[in-house]
Amino acid sequence: MKFSVDDLVIRLHERSDTANIVTMINRDPFHMLNGLTAEAFEQDLDEPGERVRDNTFVVELGQTTAGYFSLCFVERTTHISVYCYGTVDVDWRRRGIGTAMFKFIFTRLEAIARQEAKPIHFIHRALTSISGETALGANFGMQVQNSLNILCLNDLNHIKVSSPPSEFEFRPPTLEDAPIWAEIYNNAFGGNKTVESVIHEFQGTGFSQNLYMLCENETGTAVGLLCATLRGMHARIPTLAVKRKWHRRGIGEAMLSEILQRLQDSGAVDVRLSVDSSNDAA
């Protein structure tokens, strides 16, 4: 089907759009959010302090939803980091829709930067599994900041389970643990995750006491964390973090071993873990 870019309509997301967006995401088996539910999508739009719901847009061609994108604003000391998440429907790729989306995004961000008198650093997650997406970013002058390797375990039947070192134990986090969860995360990744953001996550549809864990030492001090999600039979491990001063104690390996066992017991047939390609230890 031929179309002109002039036929595209980019408008603010409405709740009635969510079902179409989730269907579009789940049509792509390689999409990082494959298996997403409408409830989880809506929850992500309300991440505290990140303006996501006010900056999520739908791309339409007539009555067809051809794409969507969300902009996530994270306040820094000297600038605003804006993270972009979105996709073009598998049937509409390589037709100029991504280019139109980027032009719209940059026009919007330039206006916000002027209005708030603060520079914006734009970060887009480009998937190499989507043909042309990396080249599209390069065409707009974007540079590779870092890359992630997606590691996949397709056979959980031969997991070597290792117990944590004797002075450590695991337990599920509670809402009262939100400050320490944020502290460990920020210590490990240099981020600025807030307590409100953690509480929002713990109260969301993806939280499971069986798949979220804190690692504590013998004095009850939390030194590491891990969370996993299970959608159908497919699992992901979005976050594994150990405080820097507690590295090389076998904590990360023990947490990973424990969660793989739990996922196997829960019926997972495969598990995906994302790690920075420069992090050899991970």
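Residues numbered from 1 in each chain as written. Predicted model: local features only at pLDDT ≥ 70, side-chain atom pairs only at ≥ 80, totals over all residues. Heavy atoms only, no water.

Draft legend 1. Here's a closer look at the environment of Pro 179. In this fold, Pro 179 is placed in helix α5 (residues 178-189). For Pro 179, a relative accessible area of 44% gives the class partly exposed. Along the chain, Pro 179 and Met 142 lie 37 residues apart, while their C-alpha atoms are 35 Å from each other. (Helix = DSSP H or I, 4+ residues; strand = E, 2+ residues; numbered from the N terminus. Buried < 20%, exposed > 50% of the residue type's maximum accessible area, 1.4 Å probe, protein only.)

Draft legend 2. Main features of the sheet that holds strand β10 (residues 234-242). Sheet architecture is open: 6 strands sit in the order β6-β11-β10-β9-β8-β7, paired in mixed fashion. Both edges of this open sheet fall to β6 (148-153) and β7 (169-171), since each of them pairs with a single strand only. Looking at each pair of strands side by side, their axes are set apart by 25° on average, direction ignored. Pairing analysis gives 4 bridges linking β10 to strand β11 (residues 270-276), with the strands arranged parallel. Paired with His 234 across the bridge in β11 is Asp 270. Strand contacts of helix α7 (residues 251-265): β6, β7, β8 (212-216), β9 (222-231), β10 and β11, with the helix running at about 160° to β10, the strand carrying the most contacts. (Pairing = 2+ DSSP bridges. Axes fitted to C-alpha atoms, helices over the stretch in contact; angles between N-to-C directions. Contact = heavy atoms within 4.5 Å.)

Draft legend 3. Spotlight on helix α1 (residues 18-26). Looking only at α1, the buried set comprises Thr 18, Ile 21, Val 22, Met 24 and Ile 25. Along the long axis of α1, the arc covered by the buried residues comes to 160°, so they all point the same way. Of the surrounding secondary structure, the elements contacted by the buried residues of α1 are α2 (38-45), β2 (56-61), β3 (64-75) and β4 (80-88). (Arc of directions from axis to C-beta.)

Draft legend 4. A look at the pairing of β3. Of all the 12 residues making up β3, 10 are buried; the element is thus mostly covered by neighbouring parts of the structure. Where β2 folds back onto β3 in an antiparallel hairpin, the turn is made up of 2 residues, including Gly 62, whose phi is positive at roughly 60°. Sheet analysis places β3 next to β4, joined by 9 bridges and oriented antiparallel. Across the sheet, the residue bridging to Tyr 68 is Thr 87, located in β4. Where β3 folds back on β4, the antiparallel hairpin that results is connected by 4 residues.

Draft legend 5. Quick look at the packing of α1 against α2. With their axes 9 Å apart at the nearest point, α1 and α2 run at an angle of 110° to one another. Here α2 runs roughly perpendicular to α1, going by the angle between their axes. Facing Thr 18, Ile 21 and Val 22 of α1, the residues of α2 in contact are Ala 38, Phe 41 and Glu 42. Each residue belonging to the contact of α1 with α2 can be placed in one class, and the counts come to 4 nonpolar, 1 polar and 1 charged. (Parallel < 35°, antiparallel > 145°, perpendicular 65-115°, else oblique. Nonpolar A, V, L, I, M, F, W, Y, C, P; charged D, E, K, R; others polar.)

Draft legend 6. Fine view of the pairing of β8. Across the 5 residues of β8, 5 count as buried, placing the element largely inside the fold. Every second residue of β8 is oriented toward a common face, with Tyr 212, Leu 214 and Glu 216 on one face and Met 213 and Cys 215 on the other, all of them buried. Pairing analysis gives 3 bridges linking β7 to β8, with the strands arranged antiparallel. Counted as the bridge partner of Glu 169 is Glu 216 from β8. Of the strand pairs in this sheet, β8 and β9 are connected by 5 bridges, and their pairing is antiparallel. Bridged to Leu 214 within β9 is Leu 225.

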